[in-house]
Amino acid sequence: MNKIFEIPLYPYSRSPDQDALTRRKVVIVGAGPIGLAAAIDLAQQGIEAIILDDNDKVSFGSRAICFAKRPLEILDRLGCGQPMVDKGVVWNLGKVFFGDRKVYDFNLLPEDGHKRPAFINLQQYYFEEYLVNRVQELQAAGAPIEIRGKNKVLKTEDKGDHVSLLIDTPEGTYGLEAEWLIACDGAGSPIRAMMGLDFVGRVFEDNFLIADVIMDADFPTERWFWFDPPFNKGQSALLHKQPDGVWRIDLQLGWDIDKEEEKKPENVIPRLKAMLGEDVKFDLEWVSIYTFQCRRMEKFRHNRVIFAGDAAHQVSPFGARGANSGLQDTDNLIWKLKLVMEGKAPESLLETYDLERIYGADENILNSSRSTDFITPKSETSRIFRDAVLDLSEHHAFARPLVNSGRLSVPCTYDGSPLNGADRLDGPSRTRPGSPCPDVPLADGFLLDKLGDKFTLLTINVDAPEKLTVDGVEITNLPLTTESADPALAERYLCSAPSAVYLIRPDQHVAARWGKFDEKSVAAALRRAIGKEQ
Amino acid sequence: MPVTLTPNIPQADDFYAELLATHEGLTKAESDALNARLILILANHIGQRDVLTAALAAAKEAAHKA
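All residue numbers refer to position in the chain's written sequence, counted from 1. Think of it this way: whatever chain is written first is A, whatever ligand is written first is 1, and the rest follow in order. Thresholds applied to this predicted model are a pLDDT of at least 70 for local features of residues and 80 or more for the giving and counting of side-chain atom pairs; totals over whole chains, interfaces and linings are not thresholded and use all residues.

Novice: Hey, could you run me through the overall build of chain B in this one?
Specialist: Put simply, DSSP H or I for four residues or longer makes a helix, DSSP E for two residues or longer makes a strand, and each gets a number counted from the N terminus. Scanning chain B from N- to C-terminus turns up 3 helices and 0 strands. Each helix (α) and strand (β) of chain B, taken in turn from the N terminus, gives the series α-α-α. In chain B, buried positions account for 3% of the 66 residues. Here the C-beta atoms are placed from the backbone, and a residue counts as buried if at least 20 other C-beta atoms lie within 10 Å of its own, exposed if 12 or fewer do, and partly exposed otherwise.

Listed below in structure tokens is the structure:
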């Protein structure tokens, strides 16, 4: 049977654009998770999106496997969260081993009252397949979206009010113009290289072997992390379950190795047997060796070319902050781009994409660098403290929060963003302006399913008009009351306040909040949230 | 709150002897590990970030400059 990543899902077919120079609204380079999400977001809001990919298949091998709650919520807004969660493996438990012993176990203890779990494990190839399915569903419904397989960008040129591209295909090259270009072409971004842009940061001198093995074993659905295990002395190891009986194994190999040798099954299999036990039967699905860096571009937006995902920033894999943060990039970008394209917001609104997502990238780089420094101590003293933390963690709870095998991805609050408006509510800190809205169960579903794509006025125990229009931008009222509501609503949005009014952005982040409704204040906050008032 | 840098340990000589006795018979590596565990336990006990920052700075500044 062929694996999904061996089948062309969007094979090359000739486009009329190859016969006559055409200008498209938004061209996206790269049909990975970020490029696909960007295109879906645009297309379901009626904006033409063309994805160019030099390949015609989904990701080869499992690659990104850990998807956090916030990206799942974003996927719900994009109409494809459910198949991911149905297929994915939900996990909350983890074990930490040091040397030959288990030092402690933990439970993520996700908060109740959210539609989505804290994490699912899902192979990137399934993730991309479900996004491609969503693209095709939108296409069938007449949405302006298209994936062009085997379309490789050779040249890109900024023409001021558009970008001109030269594209190679199996039938030769063609020129294409784009009003806007979104580069989602990965850590090695060819677009970034063509434009001669910087990508500096810290290189970590280490190699990791990833092996996906198919086995019928009774390992529980838990994340197991080893520091200095007997089967990989002086290094680390990770075991994590994926759907279809596939297990992800990560083994740290150190810096000075022969990558091609290490990847050979005759070298991989003995390592895995030492880890899993001699009697465990398994098949290798995929083996890869990776190194990583923590770095970002100085700016993500370069006039009409906008970078997102790994093309803009790269982190170590610890904490699952790569694909997860990339989805938050496009979540932040698309509504801004839409307002700018419609002439409802000044072009300067796009500068806040840079600001807000660089803030997010820096937080991710900081967290993932710290995890890497714990997992791979860079000096003797650093190793002594690391081992002291692990030894203490076996006996004393206080040391466990210091153990760092990856701080799992959570969305950032855009504190200090110029788009944030008033905070005139004695409300919870977690819903202050800049925060991603936490979910709440409602009588007829979940709160987050009612927010997004547009500006919403969430009013709790307050009377306000059904709709407001400010400078051509519509705000829809979502009136709720705490009467017979789930206590999570008051806990997450009111605290001790009797009533509240929240202005919520199309990406489900809080723009401003008040205790009472005042039309003038809402209008001012809306103008601020679309970059009109600084 | 600033870090206490005036005498604060009752029977200081006894404490000092106990500290050395705890290290007795250990190799350099074992002593280094014990010191690290001790620092972490004490830091957790103090638990005030500003005091810990002041303590780290005081320890660093007191290094003898040859």
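Novice: Sorry, what's going on with the nonpolar core here?
Specialist: One broad trend across soluble globular proteins is that nonpolar side chains are buried collectively. Residues and elements named next belong to chain A. To form a nonpolar core, buried Ala, Val, Leu, Ile, Met, Phe, Trp, Tyr and Cys residues must be joined through C-beta atoms within 7 Å. Judged by nonpolar contacts, the single largest core of 114 residues is most densely connected at Ile28, Ala39 and Leu503. Boundary definitions for the domains trace back to an automatic or database domain assignment. A domain split of this core shows at least three residues from each of domain 1 (4–88 + 108–198 + 298–366) and domain 4 (423–529). Here the contact rule is simple: place C-beta atoms from the backbone, and any two residues whose C-beta atoms are within 7 Å are in contact. Leaving out residues up to four positions away in the same chain, Ala39 has contacts with Ile28, Ala49, Ile51, Val135 and Ile145. In this structure, Val96, Val103, Ala237 and Phe385 belong to the second largest nonpolar core, which totals 29 residues.

Novice: What is the right way to read the sheet that holds strand β19 (residues 313–314) of chain A from this model?
Specialist: Backbone hydrogen bonds are what pair the strands of a sheet, in a parallel or an antiparallel way. Residues and elements named next belong to chain A. Two strands pair if DSSP finds at least two bridges between them. Reading across the sheet, the 8 strands line up as β6-β5-β13-β14-β15-β12-β16-β19 and stay open at both edges, with mixed pairing between neighbours. Two strands close off the open sheet at either side, each with one partner strand: β6 (101–107) and β19. Inspection of the sheet shows strand β12 (residues 200–215) paired to strand β16 (residues 282–296) by 13 bridges, in the antiparallel sense. Along β16, the bridge assignment pairs Asp212 with Trp286. Orientation is described by lines fitted to C-alpha atoms, with helices fitted over the stretch in contact, and by angles between N-to-C directions that extend from 0 to 180 degrees. Contacts from helix α9 (residues 351–375) reach β12, β14 (236–242), β16 and β19 within the one sheet, and its direction differs from that of β16 by about 120 degrees. Packed on one face of the sheet, helix α10 (residues 380–395) meets β5 (93–98), β6 and β13 (222–227) and runs near 70 degrees to β6.

Novice: It is not clear to me how the packing of helix α2 (residues 69–77) of chain A against helix α8 (residues 323–341) of chain A should be interpreted in this structure. Could you clarify?
Specialist: The axes of two packed helices give the description: the angle between them and the distance between them. Residue and element names in this part refer to chain A. At their nearest, the axes of α2 and α8 sit 9 Å apart, and the two run at 40 degrees to each other. On the basis of the axis angle, α2 is oblique to α8. For the element pair α2 and α8, the recorded crossing hand is left-handed. In contact with Arg70, Pro71 and Ile74 of α2, α8 contributes Asn324, Leu327, Gln328 and Asp331. By residue class, the composition of the contact of α2 with α8 is 3 nonpolar, 2 polar and 2 charged. We call two directions roughly parallel when the angle between them is under 35 degrees, roughly antiparallel when it is over 145, roughly perpendicular when it lies between 65 and 115, and oblique otherwise. Note on convention: the crossing is left-handed when the near helix lies turned anticlockwise from the far helix by less than a right angle, right-handed when the turn is clockwise. Following the grouping adopted for this structure description, the nonpolar residues are Ala, Val, Leu, Ile, Met, Phe, Trp, Tyr, Cys and Pro, the charged ones are Asp, Glu, Lys and Arg, and the polar ones are all others, Gly among them.

Novice: Is there a simple way to think about the interface of chain A and chain B in this case?
Specialist: Note: interface size is frequently given as the accessible area lost on complex formation between the parts. Each side of the interface is counted separately: chain A has 9 residues, and chain B has 6 residues. Taken together, the residues that form the side of chain A that touches chain B break down as 7 nonpolar, no polar and 2 charged.

Novice: Looking at this structure, I do not really get the confidence of the model for chain B. What am I missing?
Specialist: As a general rule, the predicted coordinates of low-pLDDT regions are not to be interpreted in detail. On average, residues of chain B score 96 in pLDDT, and 97% of them reach the 70 mark or higher. Here the predicted complex scores 0.94 on pTM and 0.96 on ipTM. What pLDDT expresses is the predictor's confidence in each residue, scored from 0 to 100.

Novice: Hey, could you run me through the domain arrangement of chain A in this one?
Specialist: Residue and element names in this part refer to chain A. We note that the domain assignment places domain 1 (4–88 + 108–198 + 298–366), domain 2 (201–293), domain 3 (367–402) and domain 4 (423–529) within chain A. When each unit is reduced to the centre of its C-alpha atoms, the spacing between domain 1 and domain 3 is 36 Å. Counting residues at the interface gives 9 residues for domain 1, matched by 7 residues for domain 3. In terms of residue class, the side of domain 1 that touches domain 3 is built from 4 nonpolar, 3 polar and 2 charged.

Novice: For this particular structure, what's the right way to read helix α3 (residues 49–61) of chain B?
Specialist: Residue pairs three or four apart in sequence face the same way in an α-helix, which turns once every 3.6 residues. Expected span of a helix, by definition, is 1.5 Å for each gap between consecutive residues, and there is one gap fewer than residues. An ideal rise of 1.5 Å per residue puts 18 Å on 13 residues; α3 of chain B measures up with 18 Å between its terminal C-alpha atoms. Burial analysis of α3 of chain B places just 0 of its 13 residues in the buried class, a small minority of the element.

Novice: What is the right way to read the pairing of β16 of chain A from this model?
Specialist: Two faces make up the sheet, and in a regular strand the side chains alternate between them. Pairing analysis gives 2 bridges linking β16 of chain A to β19 of chain A, with the strands arranged antiparallel. Pairing of Arg295 of chain A across the sheet is with Gln314 of chain A, part of β19 of chain A.

Novice: Before we go on, may I ask you to explain α8 of chain A in this structure?
Specialist: Residues and elements named next belong to chain A. For α8, built from 19 residues, the straight-helix expectation of 27 Å at 1.5 Å per residue is met to within 8% by its first-to-last C-alpha distance of 26 Å. Within α8, 17 of the 19 residues are buried, which leaves the element mostly enclosed by the surrounding structure. In the stretch just after α8, Gly343 is the one whose phi turns positive, near 75 degrees.

Novice: Can you walk me through the pairing of β14 of chain A in this structure?
Specialist: Of all the 7 residues making up β14 of chain A, 6 are buried; the element is thus mostly covered by neighbouring parts of the structure. Counting the residues that bridge the hairpin from β14 of chain A to strand β15 (residues 246–254) of chain A gives 3 residues, and of these Asp244 of chain A lies at a positive phi of roughly 65 degrees.

Novice: Is there a simple way to explain the UniProt feature "domain: FAD-binding" (unreviewed entry) in chain A in this structure?
Specialist: When the UniProt feature table is mapped onto this chain, "domain: FAD-binding" (unreviewed entry) is found at residues 25–358 of chain A. Here residues 25–358 of chain A is 28% helix and 36% strand, with 25 Å between the C-alpha atoms at its ends. UniProt positions are given in the numbering used here, feature names are shortened, and annotations may be inferred rather than shown by experiment.

Novice: Whenever I open this one, the sheet that holds strand β25 (residues 473–480) of chain A confuses me. Can you help?
Specialist: All names here are of chain A. The 6 strands are arranged β20-β27-β26-β23-β25-β24 in an open sheet whose pairing can be described as mixed. Looking at which strands have only one partner, the edges of the open sheet turn out to be β20 (423–424) and β24 (467–470). As paired strands, strand β26 (residues 500–504) and strand β27 (residues 510–514) are joined by 4 bridges and run antiparallel to one another. From the neighbouring strand, Leu503 faces β27, where its bridge partner is Ala512. Of the strands in this sheet, β23 (455–460), β24, β25, β26 and β27 are in contact with helix α12 (residues 519–529), which crosses β24 at around 55 degrees.

Novice: Looking at this structure, I do not really get the environment of Val340 of chain A. What am I missing?
Specialist: Residue and element names in this part refer to chain A. Considering the arrangement of structural elements, one finds Val340 in helix α8. Between the alpha carbons of Val340 and Val29 there is a distance of 20 Å; along the sequence they are 311 residues apart. Excluding residues that lie within four positions of it along the chain, Val340 makes contacts with Ala345, Glu347, Leu349 and Leu350.

Novice: I keep staring at the packing of α8 of chain A against α9 of chain A and nothing clicks. Help me out?
Specialist: All names here are of chain A. With their axes 10 Å apart at the nearest point, α8 and α9 run at an angle of 170 degrees to one another. By the criterion of interaxial angle, the relationship of α8 to α9 is roughly antiparallel. Only Thr352, Tyr353, Glu356, Arg357, Gly360, Ala361 and Asn364 of α9 make contact with α8, whose side of the interface consists of Ser325, Gln328, Asp329, Asn332, Leu333 and Lys336. Of the residues assigned to the contact of α8 with α9, the class counts are 3 nonpolar, 6 polar and 4 charged.

Novice: Help me understand unusual backbone geometry, please; the structure alone is not making it clear to me.
Specialist: Excluding glycine, residues mostly have negative phi values, and the peptide bonds linking residues are mostly trans. All names here are of chain A. Backbone geometry places Lys150, a non-glycine residue, at a positive phi of 55 degrees. Here Lys150 shows up in the loop between β8 (145–148) and β9 (152–158). Here the phi dihedral of Asn303 falls at roughly 50 degrees; this positive angle occurs in a residue that is not glycine. Relative to the helices and strands, Asn303 resides in the loop between β17 (301–302) and β18 (305–307).

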